[in-house]
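Read off the chains here:
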Amino acid sequence: MKVLGITGSPRDKSNTEYFVQYTLNELEKHGMETELIRLRDKNIHHCTGCYGCVEAKVCTLPKDDFDEVFEKMMEADGILIGSPVYNSSSTAITKALLDRAGFLGRWISNDMKGKSENYEWKGTAFSGKVAAPITVARRAGQNFTFAELMLWMTVNDLIVIGSHYWNVGVAGKGGAVDADEDMEAASILSHLAENMAHVIKQLKK
Ligand SMILES: Cc1cc2nc3c(=O)[nH]c(=O)nc-3n(C[C@H](O)[C@H](O)[C@H](O)COP(=O)(O)O)c2cc1C
């Protein structure tokens, strides 16, 4: 049982990484194997809307690090997606991954229908996986970004896991890396990990 944490901060030592890694550590206490991917270390071009994946069933953009990250997402039972809030939204590197992964995941399993045909839904590459967003802001825009990540999860057939509050961290005034001071986030993320491990174990029975 494996959980993949993805952090979408462009910064080296980041608050988002702290919160995602904290949650992964908690998941390990519940018997999960974990791995962290930092998108800042990856070169992932944004989706160009070429629709090449509809026929090819792979992303047809020139080779970059997308395939490697997508494969890790496929191997995982659970996926945590963490992003700092930038102008009330997720970061560009987070969005680049999610646009490509979501579209490819859909067309790997499905055929494009004509306008008058019914949709014959066969699931997505993400069907049956569990997921949760983690957003980090200095002050505002958490809910928009949290919703953005959660909407990606729900449209791609993932099962979203909750906690006793939204999985948001408050940190980073003036660029500070001070996520460890947010004790409420620690409690929220511990419970998130407990819930996620519980659901994965039930699904794996
Ligand atoms: C370009 C940019 C835009 C930002 N926009 C917001 C914002 O809309 N709301 C907010 O509360 N903080 C905003 N911040 C602050 C970051 O969300 C905050 O410092 C966060 O802790 C950074 O996470 P990181 O350490 O994981 O990179 C912004 C920071 C940058 C660099």
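All of the points below concern the structure found in this document. Counting starts from 1 at the beginning of each chain's written sequence and moves along it residue by residue. At least 70 in pLDDT is required for a residue's local features to be given in this predicted model, at least 80 for side-chain atom pairs to be given and counted, and no such filter applies to totals for whole chains, interfaces and linings, which use all residues. Excluded from the side-chain calculations are hydrogens and water; all other atoms, namely the structure's heavy atoms, are used.

Comments concerning the side chain of Arg100
In this text, helices come from DSSP runs of H or I with a minimum length of four residues, and strands from runs of E with a minimum of two, each type numbered from the N-terminal end. Its place among the elements puts Arg100 in helix α4 (residues 92-109). Buried, partly exposed and exposed residues are distinguished by accessible area as a fraction of the type maximum, computed with a 1.4 Å probe on protein chains only: under 20%, between the cut-offs, and over 50%, respectively. According to the relative accessible area criterion, Arg100 is buried, its value standing at 4%. Dropping the residues within four chain positions of it, Arg100 is found in contact with Ile44, His45, His46, Cys47, Cys59, Leu61, Asp64 and Phe66. The contact rule is simple, with two residues in contact once any of their heavy atoms fall within 4.5 Å.

Brief notes about the environment of Glu35
For Glu35, the position within the fold is in strand β2 (residues 33-38). In sequence terms Glu35 and Ile6 are 29 residues apart; their C-alpha atoms lie 8.5 Å from each other. The residues touching Glu35, leaving out its near neighbours within four places in the chain, are Lys2, Val3, Leu4, Gly5, Leu24 and Lys72. Each polar contact in these results corresponds to two N or O atoms within 3.5 Å; when the atoms are within protein, one needs to be able to donate a hydrogen and the other to accept it, and residues that are neighboring in sequence are counted only if both atoms are side-chain atoms. At a separation of 2.9 Å, a polar atom in the side chain of Glu35 contacts the side chain of Lys2. Within the local environment of Glu35, its side chain forms a polar contact with the side chain of Lys72, the two groups lying 3.3 Å apart.

A closer look at the site of the ligand
Nearness here has a simple test: a residue counts as near a molecule or strand if at least one of its heavy atoms is within 4 Å of that partner. Surrounding the ligand, one finds 17 residues, the nearest of these being Ser9, Arg11, Thr16, Arg139 and Ala140. Here Val85 contributes a backbone N or O atom positioned 2.8 Å from an oxygen atom of the ligand. Taking Ser88, its main chain carries an N or O atom lying 3.0 Å from an oxygen atom of the ligand. Contact with the protein chains covers 76% of the free accessible surface of the ligand, which is 640 Å². When residues of the shell around the ligand are traced back to their parent elements, those giving at least two are α1 (15-29) and β4 (130-137). Of the residues contributing to the shell around the ligand, the split by class is 7 nonpolar, 7 polar and 3 charged. Method for areas: the Shrake-Rupley scheme with a 1.4 Å probe, in which residue coverage is limited to the protein chains shown. Charged residues are taken to be Asp, Glu, Lys and Arg, nonpolar residues to be Ala, Val, Leu, Ile, Met, Phe, Trp, Tyr, Cys and Pro, and polar residues to be all remaining types, Gly included.

Describing unusual backbone geometry
For Ser88, which is not glycine, the phi torsion reads 65° and is therefore positive. For Asp157, which is not glycine, the phi dihedral falls at a positive 70°. Note that Asp157 resides in the loop between α5 (142-155) and β5 (159-160).

A look at the nonpolar core
Ranked by internal contacts, the top residues of the largest apolar core, which has 29 residues, are Phe66, Met73, Ile79, Leu97, Phe126 and Trp152. Broken down by secondary-structure element, the contributors of at least two residues to this core are β1 (2-7), α2 (52-56), α3 (66-75), β3 (78-84), α4 and α5. When residues in this core are grouped by element, the largest group, 6 residues, is from α4. Residues contacting Phe66, with those up to four places away along its chain left out, are Asn43, Ile44, Cys59, Leu97, Arg100, Ala101 and Leu104. We define the nonpolar core as a collection of buried residues of types Ala, Val, Leu, Ile, Met, Phe, Trp, Tyr and Cys that are connected through side-chain atoms lying within 4.5 Å of one another.

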